[in-house]
Amino acid sequence: MIMNTGDFDVSRQTGVILQAVQMLGLKGEKNGRNDLTIDGKKFSGHAYYHHAGRSYHHGTLMMNVDMSRLPKYLNVSPLKLRAKGVQSVQSRVCNLADLNPQITVNAMKDSLRRAFSAVYGLPVSPLQLTEADRAFWQSEEAKMSEPEWLYGDVKVLDFSKEARFGWGTVRMDYSLSQDKQSVQELQLWTDGLDAEFLQEVPGLLQGCLMNRDRILARLSMSDEASPRIADDIACMLLPA
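The structure reproduced in this document is the subject of the present report. Bear in mind that the values here come from a model prediction, so they are computed numbers and not experimental data.

The next subject is the nonpolar core. Leu 186, Leu 205, Leu 219, Ile 233 and Leu 237 are the most contacted members of the largest nonpolar core, which totals 25 residues. Residue assignment for this core shows that the elements contributing at least two residues are strand E7 (168–176), strand E8 (183–190), helix H8 (195–198), helix H9 (201–205), helix H10 (212–219) and helix H11 (227–237). Broken down by element, the residue count for this core peaks at six residues, all from H11. Apart from residues lying up to four places away in sequence, Leu 219 is in contact with Phe 197, Val 201, Leu 204, Leu 205, Ala 225, Ala 230 and Ile 233. Val 21, Met 63, Ile 103 and Ala 115 belong to the second-largest nonpolar core, a separate cluster that totals 17 residues.

And the structure:
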């Protein structure tokens, strides 16, 4: 889902999915920041991104997933599993079709259309693609299949740290200057929702002295700066 940030409403958006599932005879609920669950087991995960006045919401629905293969495809941080009090991916997820064998992909599509119309009070009609639209999406699909787009310029750096905070899980890989006094290069991966600030962090900390006050001063230069996140990043970088 893509929309203007002013219209972005996570409660209504997840409400569409919960109502669609209810139409199929199941009682779901929102659990934590981005999971939808039934009886404590996750059937839908979500992520959000905000940039330049636009907001994005995407997620998954587990219909009939082969659970034996799931761990091969999902490399979940142990920090996330521990935070949820579970031992493995399989122990905290479920398939909708296992709970109601009548649920199919087409049945779910129909329920989602009806639920969207009910939650937003608007009629729903399918998007009609032109040949130009199809050509554009084929071009984008080809571009996004390239290793350069998928992986970018990922380097192996000297240090790697990972931690989980209230705002999300973060991993930082970084190298220090020869005298170990400043950040030479830093890469950051996170599921935190403060995307505009977090994507600025590597650039802001390039060349920064390994000093708490200097790190916080650099991070405060961002218009999107979050003091809480800045403080956590400083604690991660500095030796214990």
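Structure shown, so let's carry the discussion forward.
Turning our eyes to something else, we now look at the side chain of Thr 14. Examined against the element boundaries, Thr 14 turns out to sit in helix H1 (residues 10–23). A residue is classified by how much of its surface remains accessible, and Thr 14, at 3% relative accessible area, is buried. There is a polar contact of 2.8 Å between the side chain of Thr 14 and the backbone oxygen of Val 10. When neighbours within four sequence positions are excluded, Thr 14 is seen to be in contact with Lys 30, Leu 36, Tyr 48 and His 57.

Counted by the stated rule, this structure contains six aromatic pairs. Ring plane angle 35 degrees and centroid distance 5.7 Å describe the contact between Tyr 49 and Tyr 56, whose orientation is recorded as tilted. A residue is classified by how much of its surface remains accessible, and Tyr 49, at 29% relative accessible area, is partly exposed. With a relative accessible area of 28%, Tyr 56 lands in the partly exposed category. Here the aromatic rings of Phe 165 and Trp 167 are separated by 5.3 Å at their centres, their planes lie at 15 degrees, and the arrangement is stacked. Of the residues examined, Trp 167 reaches a relative accessible area of 4% and is grouped as buried.

With that settled, consider the sheet that holds E8. A sheet is described by the order of its strands in space; here three strands give the open sequence E6-E7-E8, paired in antiparallel fashion. Looking along the sheet, the strands with just one partner apiece sit at the ends: strand E6 (159–165) and E8. Strand-to-strand twist across the sheet, computed as the mean angle between neighbouring axes with direction ignored, equals 20 degrees. Lying on the sheet, H11 is in contact with E6, E7 and E8; it crosses E6 at an angle near 140 degrees.

Taken together, five strands build an open sheet; the order of strands is E1-E5-E4-E3-E2 and the sheet is antiparallel. With one partner strand each, in any of the chains shown, strand E1 (2–4) and strand E2 (29–31) form the two edges of the open sheet. Between one strand axis and the next, the sheet turns through 30 degrees on average, direction left out of account. Two strands pair when backbone bridges link them, and strand E3 (residues 35–38) and strand E4 (residues 41–51) are joined in this way by four bridges, in the antiparallel orientation. Bridging from a neighbouring strand, Leu 36 pairs with Ser 44 of E4.

Moving on, we come to the packing of H10 against H11. Where H10 meets H11, the closest approach of the two axes is 9 Å, and the angle between their N-to-C directions is 140 degrees. The pairing of H10 with H11 is recorded here as oblique in orientation. Crossing hand, H10 versus H11: right-handed. When H10 is examined against H11, the residues Arg 212, Ile 215, Leu 216 and Leu 219 are found in contact with a partner set consisting of Ala 230, Asp 231, Ile 233, Ala 234, Cys 235 and Leu 237. When grouped by side-chain class, the residues that make up the contact of H10 with H11 number eight nonpolar, no polar and two charged.

Calculation criteria
Residues numbered from 1 in each chain as written. Predicted model: local features only at pLDDT ≥ 70, side-chain atom pairs only at ≥ 80, totals over all residues. Heavy atoms only, no water. Core = buried A, V, L, I, M, F, W, Y, C linked by side-chain atoms within 4.5 Å. Buried < 20%, exposed > 50% of the residue type's maximum accessible area, 1.4 Å probe, protein only. Helix = DSSP H or I, 4+ residues; strand = E, 2+ residues; numbered from the N terminus. Contact = heavy atoms within 4.5 Å. Polar contact = N/O pair within 3.5 Å; in protein donor to acceptor, adjacent residues only side chain to side chain. Phe/Tyr/Trp six-rings, centres within 6.5 Å; stacked < 30°, edge-to-face > 60°. Pairing = 2+ DSSP bridges. Axes fitted to C-alpha atoms, helices over the stretch in contact; angles between N-to-C directions. Parallel < 35°, antiparallel > 145°, perpendicular 65-115°, else oblique. Left-handed = near helix turned anticlockwise from the far one by under 90°. Nonpolar A, V, L, I, M, F, W, Y, C, P; charged D, E, K, R; others polar.

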